[in-house]
Amino acid sequence: MNYDVVEALGQIMREKNIERDLVWDTLKMGLVSAAKKRFGVGDRIDVTIDEKTGKMEMTAYRDVVEEIEDPENEITLEDARQIDPNVNIGEELIQDLPFDDFGRNAIQAVKQVVVQRVREAEGENIYENYKDRMGDVITGSVQQVDRGNIIVKMERAEALLPWREQIRREKYRQGETIRAYILEVQRSTKGPQIILSRAHPEFLDLLFRIEVPEIHEGIVEVKAVAREPGDRSKIAVFSHDDRVDAVGACVGMKGTRVQAVVRELNNERIDIVPWSSDPTTFVTQALRPAQVSQVNILDIEDKKMRVVVEDDQLSLAIGKSGQNARLAAKLTGWNIDLIKRTDLEKQLMAETFGTDVDDEDDEDATAASLDEVD
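Only a predicted model underlies this, so the values are computations on that prediction, with no experimental measurement involved.

Conventions and cut-offs
Counting starts from 1 at the beginning of each chain's written sequence and moves along it residue by residue. For a predicted model such as this one, the threshold for reporting local features is a pLDDT of at least 70, and the threshold for listing and counting side-chain atom pairs is 80 or more; totals across whole chains, interfaces and linings nevertheless cover every residue. The side-chain numbers reported here are obtained from all heavy atoms of the structure, hydrogens and water having been left aside. The numbering of helices and of strands both runs from the N terminus, where a helix is a DSSP run of H or I of at least 4 residues and a strand a run of E of at least 2. Residue burial is assigned from relative accessible area. The probe radius is 1.4 Å, only protein chains are included, and a residue is buried under 20% of its type maximum, exposed over 50%, and partly exposed in between. Two residues qualify as a contact provided that any one of their heavy atoms is within 4.5 Å of a heavy atom in the partner residue. Each accessible area is a Shrake-Rupley estimate made with a 1.4 Å probe; only the visible protein chains count as cover when residues are assessed. A carboxyl oxygen of Asp or Glu within 4 Å of a side-chain nitrogen of Lys or Arg is what we treat as a salt bridge. Between any two strands, at least two bridges found by DSSP are needed for them to pair. Note on method: axes are straight lines fitted to C-alpha atoms, helices fitted across the in-contact stretch only, with angles between N-to-C directions ranging 0 to 180 degrees.

Draft legend 1. A look at the overall build of the chain. Looking only at helices and strands, one finds 13 helices and 15 strands in the chain. Of all 374 residues assigned to the chain, the portion counted as buried reaches 39%. Of all intrachain contacts in the chain linking residues separated by at least 6 positions in sequence, the fraction that spans at least 24 positions is 59%. By element, 44% of the accessible surface of the chain is carried by carbon and sulfur atoms, the whole surface being about 21800 Å².

In C-alpha coordinates form, the structure reads like this:
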(Lines give C-alpha, C1' and ligand atoms only; values in the text may rest on other atoms or scores of the structure.)
Protein backbone atom coordinates (compact mmCIF):
# COMPACT_ATOMS: atom_id res chain seq x y z
CA MET A 1 0.00 0.00 0.00
CA ASN A 2 1.62 3.26 -1.06
CA TYR A 3 0.98 6.98 -1.19
CA ASP A 4 -0.92 6.72 -4.50
CA VAL A 5 -3.60 4.61 -2.83
CA VAL A 6 -3.89 7.01 0.11
CA GLU A 7 -4.19 9.94 -2.30
CA ALA A 8 -6.89 8.08 -4.24
CA LEU A 9 -8.84 7.52 -1.02
CA GLY A 10 -8.50 11.21 -0.19
CA GLN A 11 -9.91 12.11 -3.59
CA ILE A 12 -12.86 9.78 -3.00
CA MET A 13 -13.55 11.52 0.31
CA ARG A 14 -13.56 14.92 -1.36
CA GLU A 15 -15.61 13.99 -4.42
CA LYS A 16 -18.15 11.82 -2.65
CA ASN A 17 -18.35 13.99 0.47
CA ILE A 18 -17.58 10.96 2.66
CA GLU A 19 -16.23 11.40 6.18
CA ARG A 20 -12.52 10.65 6.60
CA ASP A 21 -12.95 8.34 9.60
CA LEU A 22 -15.48 6.21 7.74
CA VAL A 23 -13.11 5.63 4.79
CA TRP A 24 -10.12 4.79 6.98
CA ASP A 25 -12.15 2.54 9.27
CA THR A 26 -13.53 0.73 6.23
CA LEU A 27 -10.05 0.30 4.77
CA LYS A 28 -8.78 -1.09 8.07
CA MET A 29 -11.77 -3.44 8.26
CA GLY A 30 -10.99 -4.71 4.77
CA LEU A 31 -7.32 -5.22 5.60
CA VAL A 32 -8.20 -7.16 8.77
CA SER A 33 -10.58 -9.36 6.80
CA ALA A 34 -7.91 -10.04 4.16
CA ALA A 35 -5.27 -10.76 6.83
CA LYS A 36 -7.52 -13.29 8.56
CA LYS A 37 -7.98 -15.17 5.29
CA ARG A 38 -4.32 -14.98 4.28
CA PHE A 39 -2.60 -15.69 7.61
CA GLY A 40 -5.33 -17.54 9.53
CA VAL A 41 -5.25 -15.07 12.43
CA GLY A 42 -8.16 -13.76 14.50
CA ASP A 43 -9.54 -10.29 15.14
CA ARG A 44 -6.66 -9.18 17.33
CA ILE A 45 -5.02 -7.12 14.60
CA ASP A 46 -3.78 -3.54 14.72
CA VAL A 47 -3.59 -1.49 11.54
CA THR A 48 -1.70 1.81 11.39
CA ILE A 49 -1.71 4.09 8.35
CA ASP A 50 0.59 7.02 7.74
CA GLU A 51 -1.53 9.33 5.61
CA LYS A 52 1.47 11.42 4.58
CA THR A 53 3.66 8.61 3.27
CA GLY A 54 1.01 5.97 2.53
CA LYS A 55 2.90 3.41 4.66
CA MET A 56 0.76 0.76 6.35
CA GLU A 57 1.68 -1.60 9.14
CA MET A 58 -0.32 -4.56 10.40
CA THR A 59 0.34 -6.45 13.62
CA ALA A 60 -1.40 -9.63 14.80
CA TYR A 61 -1.50 -10.86 18.42
CA ARG A 62 -1.82 -14.52 19.48
CA ASP A 63 -1.38 -16.37 22.76
CA VAL A 64 1.40 -18.96 22.97
CA VAL A 65 -0.06 -22.20 24.41
CA GLU A 66 0.83 -25.87 24.77
CA GLU A 67 -2.43 -27.11 23.23
CA ILE A 68 -4.49 -25.06 20.79
CA GLU A 69 -8.20 -24.60 21.45
CA ASP A 70 -8.71 -21.43 19.42
CA PRO A 71 -6.61 -21.67 16.22
CA GLU A 72 -7.22 -18.04 15.25
CA ASN A 73 -6.04 -16.54 18.52
CA GLU A 74 -3.61 -19.19 19.78
CA ILE A 75 -0.31 -20.69 18.53
CA THR A 76 1.98 -23.48 19.72
CA LEU A 77 5.40 -22.69 21.17
CA GLU A 78 7.12 -24.47 18.27
CA ASP A 79 5.35 -22.38 15.63
CA ALA A 80 5.64 -19.20 17.65
CA ARG A 81 9.45 -19.52 17.98
CA GLN A 82 9.77 -19.69 14.22
CA ILE A 83 8.53 -16.14 14.29
CA ASP A 84 10.08 -14.96 17.59
CA PRO A 85 12.76 -17.25 19.10
CA ASN A 86 12.50 -15.53 22.48
CA VAL A 87 8.79 -16.05 23.12
CA ASN A 88 7.57 -18.46 25.83
CA ILE A 89 4.34 -20.26 26.74
CA GLY A 90 1.83 -17.92 28.38
CA GLU A 91 3.16 -14.91 26.53
CA GLU A 92 1.61 -13.02 23.64
CA LEU A 93 3.20 -13.39 20.23
CA ILE A 94 3.44 -10.13 18.31
CA GLN A 95 3.60 -10.82 14.58
CA ASP A 96 4.09 -8.28 11.80
CA LEU A 97 1.94 -9.05 8.75
CA PRO A 98 3.68 -7.87 5.56
CA PHE A 99 1.23 -6.38 3.13
CA ASP A 100 3.31 -7.64 0.21
CA ASP A 101 2.40 -11.22 1.17
CA PHE A 102 -1.33 -10.63 0.86
CA GLY A 103 -1.59 -11.64 -2.77
CA ARG A 104 -3.67 -10.23 -5.60
CA ASN A 105 -6.99 -11.78 -4.51
CA ALA A 106 -6.69 -10.43 -0.99
CA ILE A 107 -5.94 -6.92 -2.25
CA GLN A 108 -8.92 -7.12 -4.60
CA ALA A 109 -11.13 -8.15 -1.67
CA VAL A 110 -9.93 -5.11 0.30
CA LYS A 111 -10.73 -2.86 -2.65
CA GLN A 112 -14.24 -4.30 -2.97
CA VAL A 113 -14.94 -3.75 0.73
CA VAL A 114 -13.84 -0.11 0.52
CA VAL A 115 -15.73 0.58 -2.73
CA GLN A 116 -18.92 -1.01 -1.41
CA ARG A 117 -18.81 0.87 1.87
CA VAL A 118 -18.06 4.17 0.13
CA ARG A 119 -21.02 3.55 -2.21
CA GLU A 120 -23.30 2.85 0.77
CA ALA A 121 -22.08 5.95 2.60
CA GLU A 122 -22.51 8.08 -0.50
CA GLY A 123 -26.06 6.80 -0.91
CA GLU A 124 -26.85 7.54 2.72
CA ASN A 125 -25.46 11.06 2.34
CA ILE A 126 -27.60 11.66 -0.75
CA TYR A 127 -30.70 10.38 1.04
CA GLU A 128 -30.06 12.57 4.09
CA ASN A 129 -29.38 15.62 1.92
CA TYR A 130 -32.50 15.26 -0.22
CA LYS A 131 -35.13 13.67 2.06
CA ASP A 132 -35.91 17.09 3.57
CA ARG A 133 -35.97 18.73 0.14
CA MET A 134 -39.12 16.99 -1.05
CA GLY A 135 -41.36 19.74 -2.38
CA ASP A 136 -38.44 21.87 -3.62
CA VAL A 137 -37.72 22.92 -7.19
CA ILE A 138 -34.29 21.87 -8.45
CA THR A 139 -32.29 22.66 -11.57
CA GLY A 140 -30.25 19.96 -13.27
CA SER A 141 -29.09 18.77 -16.66
CA VAL A 142 -30.41 15.93 -18.80
CA GLN A 143 -27.92 13.10 -18.54
CA GLN A 144 -29.82 10.41 -20.41
CA VAL A 145 -33.21 9.71 -21.97
CA ASP A 146 -34.17 6.06 -21.57
CA ARG A 147 -37.48 4.75 -22.99
CA GLY A 148 -39.20 8.04 -22.25
CA ASN A 149 -37.76 8.40 -18.74
CA ILE A 150 -35.21 11.16 -18.14
CA ILE A 151 -32.14 10.78 -15.92
CA VAL A 152 -31.30 14.19 -14.46
CA LYS A 153 -27.85 15.04 -13.16
CA MET A 154 -27.98 17.20 -10.04
CA GLU A 155 -25.32 18.32 -7.61
CA ARG A 156 -23.78 15.14 -6.15
CA ALA A 157 -26.78 13.04 -7.22
CA GLU A 158 -28.87 11.66 -10.05
CA ALA A 159 -32.65 11.78 -10.20
CA LEU A 160 -35.37 10.21 -12.31
CA LEU A 161 -38.07 12.13 -14.16
CA PRO A 162 -40.51 9.37 -15.16
CA TRP A 163 -42.55 9.63 -18.32
CA ARG A 164 -45.79 9.89 -16.31
CA GLU A 165 -44.46 13.01 -14.50
CA GLN A 166 -43.48 14.87 -17.65
CA ILE A 167 -45.41 17.51 -19.55
CA ARG A 168 -46.92 16.17 -22.75
CA ARG A 169 -45.11 17.01 -25.97
CA GLU A 170 -41.96 18.16 -24.17
CA LYS A 171 -38.74 16.79 -25.65
CA TYR A 172 -35.32 17.00 -24.03
CA ARG A 173 -31.84 16.28 -25.31
CA GLN A 174 -28.74 15.25 -23.42
CA GLY A 175 -27.03 18.20 -21.76
CA GLU A 176 -30.07 20.48 -21.71
CA THR A 177 -30.96 22.30 -18.49
CA ILE A 178 -34.17 21.20 -16.80
CA ARG A 179 -36.17 22.34 -13.77
CA ALA A 180 -38.41 20.00 -11.82
CA TYR A 181 -40.18 19.39 -8.52
CA ILE A 182 -38.78 16.83 -6.05
CA LEU A 183 -41.72 14.48 -5.67
CA GLU A 184 -40.22 11.60 -3.67
CA VAL A 185 -36.95 10.49 -2.10
CA GLN A 186 -36.91 6.74 -1.56
CA ARG A 187 -34.48 4.22 -0.08
CA SER A 188 -33.83 1.13 -2.20
CA THR A 189 -31.37 -1.76 -2.43
CA LYS A 190 -29.61 0.09 -5.25
CA GLY A 191 -29.29 3.25 -3.23
CA PRO A 192 -31.53 6.31 -2.83
CA GLN A 193 -33.91 7.14 -5.66
CA ILE A 194 -34.99 10.73 -6.23
CA ILE A 195 -38.21 11.05 -8.23
CA LEU A 196 -38.91 14.33 -10.02
CA SER A 197 -42.07 15.79 -11.53
CA ARG A 198 -42.95 18.58 -13.92
CA ALA A 199 -46.62 17.63 -14.02
CA HIS A 200 -47.44 17.98 -10.31
CA PRO A 201 -49.71 20.92 -9.30
CA GLU A 202 -47.19 21.95 -6.63
CA PHE A 203 -44.63 22.59 -9.36
CA LEU A 204 -46.86 25.35 -10.72
CA ASP A 205 -47.35 26.74 -7.21
CA LEU A 206 -43.59 26.90 -6.60
CA LEU A 207 -42.86 28.48 -9.96
CA PHE A 208 -45.22 31.33 -9.06
CA ARG A 209 -43.54 31.55 -5.66
CA ILE A 210 -40.20 32.03 -7.45
CA GLU A 211 -41.54 34.62 -9.91
CA VAL A 212 -43.88 36.58 -7.59
CA PRO A 213 -42.16 38.25 -4.59
CA GLU A 214 -45.54 38.91 -2.94
CA ILE A 215 -46.16 35.15 -2.71
CA HIS A 216 -42.68 34.49 -1.32
CA GLU A 217 -43.23 37.23 1.28
CA GLY A 218 -46.64 35.86 2.30
CA ILE A 219 -48.64 38.90 1.15
CA VAL A 220 -50.32 36.86 -1.59
CA GLU A 221 -51.29 33.25 -0.93
CA VAL A 222 -51.88 30.46 -3.43
CA LYS A 223 -55.06 28.82 -2.17
CA ALA A 224 -55.56 26.09 -4.79
CA VAL A 225 -54.11 24.75 -8.03
CA ALA A 226 -55.68 22.56 -10.71
CA ARG A 227 -53.63 21.31 -13.66
CA GLU A 228 -53.89 19.35 -16.84
CA PRO A 229 -50.15 19.47 -17.55
CA GLY A 230 -49.13 20.89 -20.89
CA ASP A 231 -52.63 22.12 -21.72
CA ARG A 232 -54.24 24.33 -19.13
CA SER A 233 -54.15 25.21 -15.44
CA LYS A 234 -56.12 27.29 -12.97
CA ILE A 235 -54.60 28.85 -9.86
CA ALA A 236 -56.60 30.55 -7.10
CA VAL A 237 -54.87 33.37 -5.22
CA PHE A 238 -55.77 35.58 -2.27
CA SER A 239 -54.23 38.79 -0.95
CA HIS A 240 -53.76 39.38 2.78
CA ASP A 241 -53.23 43.08 2.06
CA ASP A 242 -56.15 45.09 0.69
CA ARG A 243 -53.69 47.34 -1.11
CA VAL A 244 -52.30 44.45 -3.16
CA ASP A 245 -54.29 42.88 -6.00
CA ALA A 246 -53.51 39.15 -5.90
CA VAL A 247 -54.27 38.50 -9.55
CA GLY A 248 -52.37 41.58 -10.70
CA ALA A 249 -49.33 40.61 -8.63
CA CYS A 250 -49.24 37.18 -10.28
CA VAL A 251 -49.73 38.57 -13.77
CA GLY A 252 -46.99 41.18 -13.35
CA MET A 253 -46.23 44.27 -15.38
CA LYS A 254 -47.35 43.58 -18.95
CA GLY A 255 -47.79 39.93 -18.00
CA THR A 256 -44.08 39.31 -17.42
CA ARG A 257 -44.48 37.14 -14.33
CA VAL A 258 -47.14 34.79 -15.61
CA GLN A 259 -45.43 34.56 -19.00
CA ALA A 260 -42.22 33.39 -17.31
CA VAL A 261 -44.18 30.52 -15.77
CA VAL A 262 -45.97 29.80 -19.04
CA ARG A 263 -42.65 29.51 -20.89
CA GLU A 264 -41.27 27.16 -18.25
CA LEU A 265 -44.33 24.92 -18.67
CA ASN A 266 -44.09 24.69 -22.45
CA ASN A 267 -46.78 27.33 -23.11
CA GLU A 268 -49.34 25.80 -20.77
CA ARG A 269 -52.32 28.16 -20.54
CA ILE A 270 -52.78 29.52 -17.01
CA ASP A 271 -55.95 31.11 -15.61
CA ILE A 272 -55.38 33.16 -12.44
CA VAL A 273 -58.53 33.23 -10.33
CA PRO A 274 -59.27 35.37 -7.23
CA TRP A 275 -60.09 33.06 -4.33
CA SER A 276 -63.20 33.64 -2.21
CA SER A 277 -64.52 32.01 0.96
CA ASP A 278 -67.99 32.24 -0.58
CA PRO A 279 -68.38 29.10 -2.73
CA THR A 280 -70.80 30.68 -5.20
CA THR A 281 -68.41 33.57 -5.85
CA PHE A 282 -65.41 31.24 -6.06
CA VAL A 283 -67.11 28.89 -8.55
CA THR A 284 -68.28 31.86 -10.61
CA GLN A 285 -64.69 33.13 -10.85
CA ALA A 286 -63.31 29.65 -11.52
CA LEU A 287 -65.55 29.16 -14.56
CA ARG A 288 -64.22 32.24 -16.30
CA PRO A 289 -63.97 33.28 -19.07
CA ALA A 290 -67.61 32.11 -19.17
CA GLN A 291 -70.21 34.44 -17.63
CA VAL A 292 -72.35 32.78 -14.93
CA SER A 293 -75.99 33.84 -14.56
CA GLN A 294 -77.02 31.95 -11.44
CA VAL A 295 -75.60 29.56 -8.84
CA ASN A 296 -77.69 27.27 -6.63
CA ILE A 297 -76.18 25.12 -3.88
CA LEU A 298 -77.94 21.74 -4.01
CA ASP A 299 -76.08 19.87 -1.24
CA ILE A 300 -73.59 21.67 0.97
CA GLU A 301 -72.28 18.47 2.61
CA ASP A 302 -71.58 16.71 -0.70
CA LYS A 303 -70.53 20.03 -2.23
CA LYS A 304 -72.96 19.92 -5.12
CA MET A 305 -74.14 23.01 -6.93
CA ARG A 306 -76.02 23.88 -10.10
CA VAL A 307 -74.59 26.65 -12.26
CA VAL A 308 -76.80 28.37 -14.83
CA VAL A 309 -75.32 30.10 -17.86
CA GLU A 310 -76.87 31.77 -20.85
CA ASP A 311 -77.12 29.57 -23.93
CA ASP A 312 -74.26 31.29 -25.73
CA GLN A 313 -71.98 30.80 -22.69
CA LEU A 314 -72.40 27.03 -22.22
CA SER A 315 -69.66 25.90 -24.61
CA LEU A 316 -67.29 28.46 -23.10
CA ALA A 317 -68.11 27.28 -19.56
CA ILE A 318 -67.57 23.65 -20.51
CA GLY A 319 -64.42 24.32 -22.51
CA LYS A 320 -62.65 22.13 -25.01
CA SER A 321 -63.36 18.48 -24.16
CA GLY A 322 -64.89 19.69 -20.87
CA GLN A 323 -61.57 21.09 -19.68
CA ASN A 324 -62.74 24.44 -18.26
CA ALA A 325 -65.53 22.88 -16.18
CA ARG A 326 -63.26 20.02 -15.07
CA LEU A 327 -60.51 22.36 -13.88
CA ALA A 328 -63.03 24.63 -12.13
CA ALA A 329 -64.38 21.63 -10.21
CA LYS A 330 -60.86 20.54 -9.20
CA LEU A 331 -59.91 24.07 -8.18
CA THR A 332 -62.99 24.73 -6.04
CA GLY A 333 -63.64 21.21 -4.77
CA TRP A 334 -67.32 21.46 -5.77
CA ASN A 335 -69.30 19.14 -8.04
CA ILE A 336 -70.66 21.49 -10.67
CA ASP A 337 -73.80 20.75 -12.66
CA LEU A 338 -73.71 23.11 -15.64
CA ILE A 339 -76.98 23.93 -17.37
CA LYS A 340 -78.01 26.56 -19.89
CA ARG A 341 -80.91 28.82 -19.02
CA THR A 342 -83.35 27.51 -21.66
CA ASP A 343 -82.83 23.92 -20.50
CA LEU A 344 -83.42 24.99 -16.90
CA GLU A 345 -86.64 26.74 -17.87
CA LYS A 346 -87.83 23.63 -19.71
CA GLN A 347 -86.91 21.48 -16.75
CA LEU A 348 -88.78 23.74 -14.34
CA MET A 349 -91.78 23.80 -16.67
CA ALA A 350 -91.80 20.03 -16.83
CA GLU A 351 -91.53 19.72 -13.05
CA THR A 352 -94.32 22.25 -12.56
CA PHE A 353 -96.82 20.89 -15.08
CA GLY A 354 -95.73 17.28 -15.24
CA THR A 355 -95.07 17.29 -18.99
CA ASP A 356 -92.21 17.32 -21.43
CA VAL A 357 -92.39 20.71 -23.08
CA ASP A 358 -90.19 19.48 -25.93
CA ASP A 359 -92.96 17.05 -27.01
CA GLU A 360 -95.08 18.82 -29.63
CA ASP A 361 -97.96 16.36 -29.09
CA ASP A 362 -98.38 17.68 -25.56
CA GLU A 363 -98.50 21.39 -26.48
CA ASP A 364 -102.32 21.51 -26.22
CA ALA A 365 -102.23 19.81 -22.83
CA THR A 366 -99.64 22.29 -21.64
CA ALA A 367 -101.76 25.19 -22.86
CA ALA A 368 -104.79 23.73 -21.10
CA SER A 369 -102.86 23.41 -17.91
CA LEU A 370 -101.78 27.03 -18.19
CA ASP A 371 -105.46 28.06 -18.68
CA GLU A 372 -106.37 26.15 -15.54
CA VAL A 373 -103.71 27.96 -13.62
CA ASP A 374 -105.04 31.30 -14.88
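Draft legend 2. Seen up close, the environment of Gly252. Positionally, Gly252 belongs in the loop between helix H7 (246–251) and helix H8 (256–264). When the C-alpha positions of Gly252 and Glu211 are compared, they lie 9.2 Å apart, and in sequence the two are 41 residues distant.

Draft legend 3. Broad picture of the pattern of salt bridges. For the structure on display, the rule yields 22 salt bridges. Here Arg326 and Glu228 are joined by a salt bridge, their closest N and O atoms 2.6 Å apart. Taken together, the residues span a long stretch of sequence, with Arg326 in helix H11 (residues 323–332) and Glu228 in strand S10 (residues 220–228) at a distance of 98 residues. Judged by its relative accessible area of 36%, Arg326 falls in the partly exposed class. Within this structure, Glu124, Glu128, Lys131 and Arg187 form a network of salt bridges that share partners.

Draft legend 4. Focus on the sheet that holds strand S11 (residues 232–239). Sheet architecture is open: three strands sit in the order S10-S11-S12, paired in mixed fashion. Unpaired on one side and paired on the other, S10 and strand S12 (269–274) mark the two borders of the sheet. Going across the sheet, the axis of each strand differs from the next one's by a mean of 20°, ignoring polarity. Relative to S11, S10 is paired through eight bridges, and the arrangement is antiparallel. What sits directly across from Ala224, in S11, is Ala236. The sheet contacts of helix H9 (residues 279–286) involve S11 and S12, and relative to S12 the element is tilted by about 155°.

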